[in-house]
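Examining the three-dimensional arrangement
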Amino acid sequence: MVVKAEGAGGAPRRVTIFGSTGSVGTQTVDLVARDPERFPVEALTANRNVALLAEQARQLRPKLAVVADPAAYADLKEALAGTGVEAAAGPQAVAEAAERPSDWVMAAIVGAAGLEPTLAAVRRGACVAFANKEVLVCAGALMMEEVRRHGANLLPVDSEHSAIYQVFDFDRLESVQRLILTASGGPFRTRDRAFMAAATREQAVAHPTWDMGAKISIDSATMMNKGLEIIEAHFLFGVPEEKIDVLVHPQSVVHSLVEYVDGSVLAQLGTPDMRTPIAYALGWPARISTPAERLDLVKAATLTFEAPDPERFPALRLARAALQSGGGAPTILSAANEVAVQAFLDRRIGFLDIERIVEGVLGTLPHRPLRDLGAVRDTDAEARRVAADRVAALAR
């Protein structure tokens with residue numbers, strides 16, 4: 001389960017933002033910039049977007065700015081000349097940024113690349129807000145053990161898990177009947193398999209309600225994001241897979257629900273704006289104001305719900321099967337999916353090839369136990385290699 005402890009209330013909170021140039025990162029920067037005295041910045045990191053990283057650094061004045069791509073170091077150093085902001089580059093510099101003395105860390109690096117810096121922040125007992133579900137999917141049991149051992153706090157930023165966190169009774173786990181994750185259904189909610197087989201990158205990233213990065217937008221289109229969220233919720237809240245359900249809710253107003261043994265169902269509602277769950281984590285245990293549009297239920301008028309279609313969206317079945325298998329299966333699922341999604345974004349494979357590659361890799365590799373981070377890395381690398389071979393075969 002999530003370790004829940006007292007936070008800093010309204011005191012200044014020194015912040016580090018990993019993945020500051022991505023979708024969640026830029027929205028975190030937006031909120032921090034609105035109250036810089038309360039949220040001074042220790043470090044910002046980005047993958048390779050030097051121009052935006054430098055612009056953010058000039059605005060927020062962190063002590064350190066890091067670009068993960070070593071080849072971009074000279075450009076970053078030049079862009080920050082005269083600002084007093086230290087520049088660094090490379091994966092090791094990203095990991096070292098996690099060890100800097102910030103109170104609160106936003107872990108928004110996409111994919112398995114976010115695992116090590118997130119773990120480093122956890123190991124120094126920081127308050128870690130994470131928008132990277134792959135961290136728990138790849139190494140859920142190991143990560144939660146480190147959270148407990150080091151007294152860190154994990155605050156989910158995914159809108160669904162943030163919603164559950166806000167209405168979950170941590171003191172009486174036996175009272176929880178089930179978790180209900182809501183899903184928008186993505187851009188292909190009403191489309192048949194023939195349409196999806198011919199879907200383009202542009203169609204797949206055109207999410208109907210949320211403004212997200214390309215990778216998570218594709219995961220939403222396949223509904224793999226909801227499968228990954230089932231695994232994430234299992235580790236975060238200590239709830240077994242069979243007690244985690246998915247409900248398609250196209251309006252994205254009800255962000256998730258918790259059903260209790262007495263029949264009560266508690267939900268968190270709001271407009272589909274990621275700044276709301278980010279702000280909840282940033283201000284926790286207090287709440288801070290945001291510029292997000294306020295929910296008007298009269299204007300929303302009708303809220304609809306439907307069961308997900310397992311035939312058109314088999315990713316949910318694959319994720320549940322991986323969680324049930326245990327060991328390295330969720331790691332394999334996540335790694336193969338990352339490779340397949342990138343191949344689709346690069347226009348090398350078709351949309352439905354994503355699920356085929358993931359299922360094939362899951363069925364090929366053994367689901368060995370993951371006893372340490374080295375085993376996670378090895379399993380991740382092997383899954384990526386096999387997935388890349390399958391991509392190459394399809395792309396010929």
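For the structure itself, consult the block above.
Residues numbered from 1 in each chain as written. Predicted model: local features only at pLDDT ≥ 70, side-chain atom pairs only at ≥ 80, totals over all residues. Heavy atoms only, no water.

**Some points on unusual backbone geometry**
Inclusion rule: Counting from the N terminus, the helices are the DSSP runs of H or I reaching at least four residues and the strands are the DSSP runs of E reaching at least two. In this scheme, a residue with accessible area under 20% of its type's maximum is buried, one over 50% is exposed, and one in between is partly exposed, where area comes from a 1.4 Å probe on protein chains only.
With an omega dihedral of 10°, the bond running from Trp-284 to Pro-285 counts as a cis peptide bond. Here Pro-285 is to be found in the loop between α12 (275–283) and α13 (297–300). If you check the backbone angles, Ser-252 has positive phi at about 55° while not being a glycine. Its location among the elements puts Ser-252 in the loop between β9 (244–248) and β10 (254–260). The class of Ser-252 is buried, set by a relative accessible area of 5%. Within the chain, Arg-347 stands out as a residue other than glycine whose phi angle is a positive 65°. For Arg-347, the location among the structural elements is in the loop between α15 (329–345) and α16 (353–364). Under the relative-accessibility criterion, Arg-347 is labelled exposed at 55%.

**Here's the deal with the pattern of salt bridges**
Let me state the cut-off plainly: The term salt bridge refers to a side-chain nitrogen of Lys or Arg lying within 4 Å of a carboxyl oxygen of Asp or Glu.
According to the stated counting rule, one finds 32 salt bridges in the structure shown. For the salt bridge of Arg-14 with Glu-42, the shortest nitrogen-to-oxygen distance reads 3.4 Å. Note that Arg-14 is positioned in the segment before β1 (15–18) and Glu-42 in strand β2 (residues 41–46), a separation of 28 residues in sequence. Among the residues examined, Arg-14 registers a relative accessible area of 24% and is labelled partly exposed. A salt bridge links Glu-145 to Arg-148, with the shortest nitrogen-to-oxygen separation between them at 3.8 Å. Of this pair, Glu-145 and Arg-148 both sit in helix α6 (residues 133–150), 3 residues apart, which is roughly one turn of the helix. Take Glu-145: its relative accessible area is 36%, and that puts it in the partly exposed class. A relative accessible area of 44% places Arg-148 in the partly exposed class. Where salt bridges share partners, they join Arg-14, Glu-42, Lys-63, Glu-86 and Arg-100 into one cluster.

**Considerations on the packing of aromatic side chains**
What counts is decided by this rule: Only centres within 6.5 Å qualify two rings of Phe, Tyr or Trp (six-membered ring in Trp) as a pair; their planes then separate them into stacked at under 30 degrees, edge-to-face at over 60, and tilted for everything else.
Applying the stated criterion across every chain, the model contains 8 aromatic pairs. Plain terms: the ring middles of Phe-170 and Phe-237 are 6.4 Å apart, the flat faces sit at 40° to each other, and that makes the pair tilted. Placement of Phe-170 in the loop between α7 (159–167) and β8 (176–183) and of Phe-237 in helix α11 (residues 224–237) is noted, with a sequence separation of 67 residues between them. Taken individually, Phe-170 and Phe-237 each receive the classification buried, so the pair is uniform in this respect. Ring plane angle 65° and centroid distance 5.9 Å describe the contact between Phe-188 and Phe-195, whose orientation is recorded as edge-to-face. Ring-pair connections join several aromatic residues into one group, and the members of that group are Tyr-165, Phe-168, Phe-170, Phe-237 and Tyr-280.

**Remarks on helix α17 (residues 373–395)**
How we decide: An expected span of 1.5 Å times one less than the residue number is assigned to each helix. Contacts are assigned to residue pairs that have any heavy atoms within 4.5 Å of one another. We define a polar contact as two N or O atoms separated by no more than 3.5 Å, with the added condition that, inside protein, one atom must be a possible hydrogen donor and the other a possible acceptor, whereas residues neighbouring each other in sequence contribute only through side-chain atom pairs.
The terminal C-alpha atoms of α17, which comprises 23 residues, lie 32 Å apart, in line with the 33 Å expected from a rise of 1.5 Å per residue. Along α17, the residues classified as buried are Leu-373, Ala-375, Val-376, Thr-379, Asp-380, Ala-383, Val-386, Ala-387 and Val-391. Tucked into the core, α17 has its buried residues touching α5 (115–123), α6, α15 and α16. The N-cap of α17, judged by a side-chain oxygen 3.2 Å from the amide nitrogen of Gly-374 a few residues on, is Asp-372.

**What to know about helix α4 (residues 91–98)**
Every buried residue of α4 is listed here: Ala-93, Val-94, Ala-95, Ala-97 and Ala-98. Close packing links the buried residues of α4 with β1, β2, β3 (64–67), β4 (86–89) and α5.

**Things to note about the layout of surface pockets**
Selection criterion: Here a cavity denotes grid points, spaced 1 Å and computed from the protein atoms alone, that fit a 1.4 Å probe unable to get out, and a pocket denotes an open set having protein on both sides within 12 Å along at least 5 of 7 lines; residues with an atom within 4 Å of a point are the lining. Grid points are joined across faces, edges and corners, and a volume is the space filled by probe spheres set on the points. Side-chain classes follow a simple rule in which Ala, Val, Leu, Ile, Met, Phe, Trp, Tyr, Cys and Pro form the nonpolar group, Asp, Glu, Lys and Arg form the charged group, and the remainder, Gly included, forms the polar group.
Put simply, the second largest pocket is a space of about 260 Å³. Gln-268, Thr-276, Arg-287, Thr-290 and Arg-294 are, among the 15 residues lining the second largest pocket, the residues nearest its centre. Those elements giving two or more residues to the lining of the second largest pocket turn out to be β11 (265–269) and α12. Residue composition of the lining of the second largest pocket, by class: 6 nonpolar, 6 polar and 3 charged.

**Let's talk about the sheet that holds β11**
Definition in use: Pairing between strands is defined by DSSP: at least two bridges between them are needed. The angle between two axes is taken between their N-to-C directions and runs from 0 to 180 degrees, where each axis is a line fitted to C-alpha atoms and a helix contributes only its stretch in contact.
Spatial strand order, β9-β8-β10-β11: 4 strands in an open sheet with mixed pairing. Both edges of this open sheet fall to β9 and β11, since each of them pairs with a single strand only. Geometrically, the sheet is characterised by an average inter-axis angle of 20° between neighbouring strands, direction not taken into account. Across 5 bridges, β8 lies against β9 in parallel orientation. Note on β9: the bridge partner recorded for Leu-181 is Val-246. Packing against the sheet, α7 makes contact with β8, β10 and β11, and its axis sits at approximately 40° to β10. Relative to the sheet, α11 contacts β8 and β9, its axis offset from that of β8 by approximately 150°.

**Describing the pairing of strand β5 (residues 104–107)**
For the record, the criterion: Looking down the strands as they point away from the viewer, one classifies a crossover as right-handed if the path from the first strand across the helix to the second runs clockwise.
Judged by which residues are buried, β5 turns out to be covered on both faces: Trp-104 and Met-106 on one side and Val-105 and Ala-107 on the other are all buried. Across 4 bridges, the pairing between β1 and β5 is parallel. If you follow Ile-17 over to β5, its bridge partner there is Met-106. Where β5 and strand β6 (residues 127–130) come together, 4 bridges link them in parallel fashion. In the strand pairing of β6, Ala-107 is matched with Phe-130. At this point the chain moves from β5, through α5, to the parallel β6, and the crossover so formed is right-handed.

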